[in-house]
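# An overview of the molecular structure
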Amino acid sequence: IDVSSVFTNDEGRDGHLRGADFFDTENHKEISFISTSFQHINDDSYKLTGILTMKGISKPVTLDVEFGGISKDPWGKEKAGFSVSGKIIRKDWGLNWNAALEAGGVLVSDEVRISAEVQFVKQA
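Rules of the game
Residues numbered from 1 in each chain as written. Predicted model: local features only at pLDDT ≥ 70, side-chain atom pairs only at ≥ 80, totals over all residues. Heavy atoms only, no water. Helix = DSSP H or I, 4+ residues; strand = E, 2+ residues; numbered from the N terminus. Buried < 20%, exposed > 50% of the residue type's maximum accessible area, 1.4 Å probe, protein only. Contact = heavy atoms within 4.5 Å. Pairing = 2+ DSSP bridges. Axes fitted to C-alpha atoms, helices over the stretch in contact; angles between N-to-C directions. Salt bridge = Lys/Arg side-chain N within 4 Å of Asp/Glu carboxyl O. Phe/Tyr/Trp six-rings, centres within 6.5 Å; stacked < 30°, edge-to-face > 60°. Core = buried A, V, L, I, M, F, W, Y, C linked by side-chain atoms within 4.5 Å.

### Overview of the environment of Arg90
- Summarising the element assignment, Arg90 is placed in the loop between strand E4 (78-89) and strand E5 (111-121).
- What makes Arg90 buried here is its relative accessible area of 3%.
- Distance from Arg90 to Glu111, taken between C-alpha atoms, is 6.3 Å for residues 21 residues apart in sequence.
- Non-local contacts of Arg90, meaning those with residues more than four positions away in its chain, are made with Phe22, Leu95, Asn96, Trp97, Asn98, Val108, Ser109, Asp110 and Val112.

### Topic: the sheet that holds strand E3 (residues 57-72)
- One open sheet accounts for five strands, arranged E1-E2-E3-E4-E5; its pairing is antiparallel. One side of each edge strand has no neighbouring strand; the edge strands of this open sheet are strand E1 (32-42) and E5. Averaged over all neighbouring strand pairs, the angle between strand axes comes to 25 degrees, with direction disregarded.
- Where strand E2 (residues 45-54) meets E3, 10 bridges bridge the pair, whose relative direction is antiparallel. Bridged to Gly50 within E3 is Val61.

### What to know about the pattern of salt bridges
- Taken as a whole and judged by the stated rule, the model has six salt bridges.
- Asp64 is the salt-bridge partner of Lys47, the closest N and O atoms lying 2.3 Å from each other. Of the two residues, Lys47 is situated in strand E2 and Asp64 in strand E3; the sequence distance between them amounts to 17 residues.
- According to the relative accessible area criterion, Lys47 is partly exposed, its value standing at 30%.

### Considerations on the packing of aromatic side chains
- For the structure on display, the rule yields four aromatic pairs.
- Taking 5.4 Å as the distance between ring centres and 55 degrees as the angle between the ring planes, the aromatic pair formed by Phe22 and Trp97 counts as tilted. Here the residue Phe22 occupies a position in the loop between helix H1 (11-18) and E1, and Trp97 occupies one in the loop between E4 and E5, the gap between them amounting to 75 residues.
- The class of Phe22 is buried, set by a relative accessible area of 9%.

### A look at the pairing of E4
- As paired elements, E3 and E4 share eight bridges and run antiparallel to each other. Opposite Val65, over in E4, you have Val84 as the bridge partner.
- Sheet topology note: the E4/E5 ladder contains 11 bridges and is antiparallel. Across the sheet, Gly86 pairs through a bridge with Ile114, a residue of E5.

### With respect to the nonpolar core
- Among the nonpolar cores identified, the biggest contains 19 residues, and Phe23, Leu52 and Met54 are the most heavily contacted of them.
- Those elements that place two or more of their residues in this core are E2, E3 and E4.
- Not counting the four nearest positions on each side in its chain, Phe23 is found in contact with Val3, Leu17, Arg18, His28, Ile31, Met54, Lys55 and Leu95.

See the structure below:
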């Protein structure tokens, strides 16, 4: 992932996320995930394990994967769909910035939820 592509629909927040408090795009241009295993659990459930690298820190991550099936689109292309989910603790990658709230608590959670809908197209 090109970290400078972060977009939240708020220019000020995007700039803060790109800065040293968060992703530090000046020194760390990419976030990467390299899979190391894909394990069938049962029925349509799998575990995807890999190495997530952010801000120069690489750590293992395991994500839940649900196979959604295979179908053909209107142009005859065969596609396979998957739902991916998981959680990481952002401080494990040096993402430590936070701010206290007046009512108590903090502005940014330590836990980051990952959710993706992925579709692959079979190549001829």
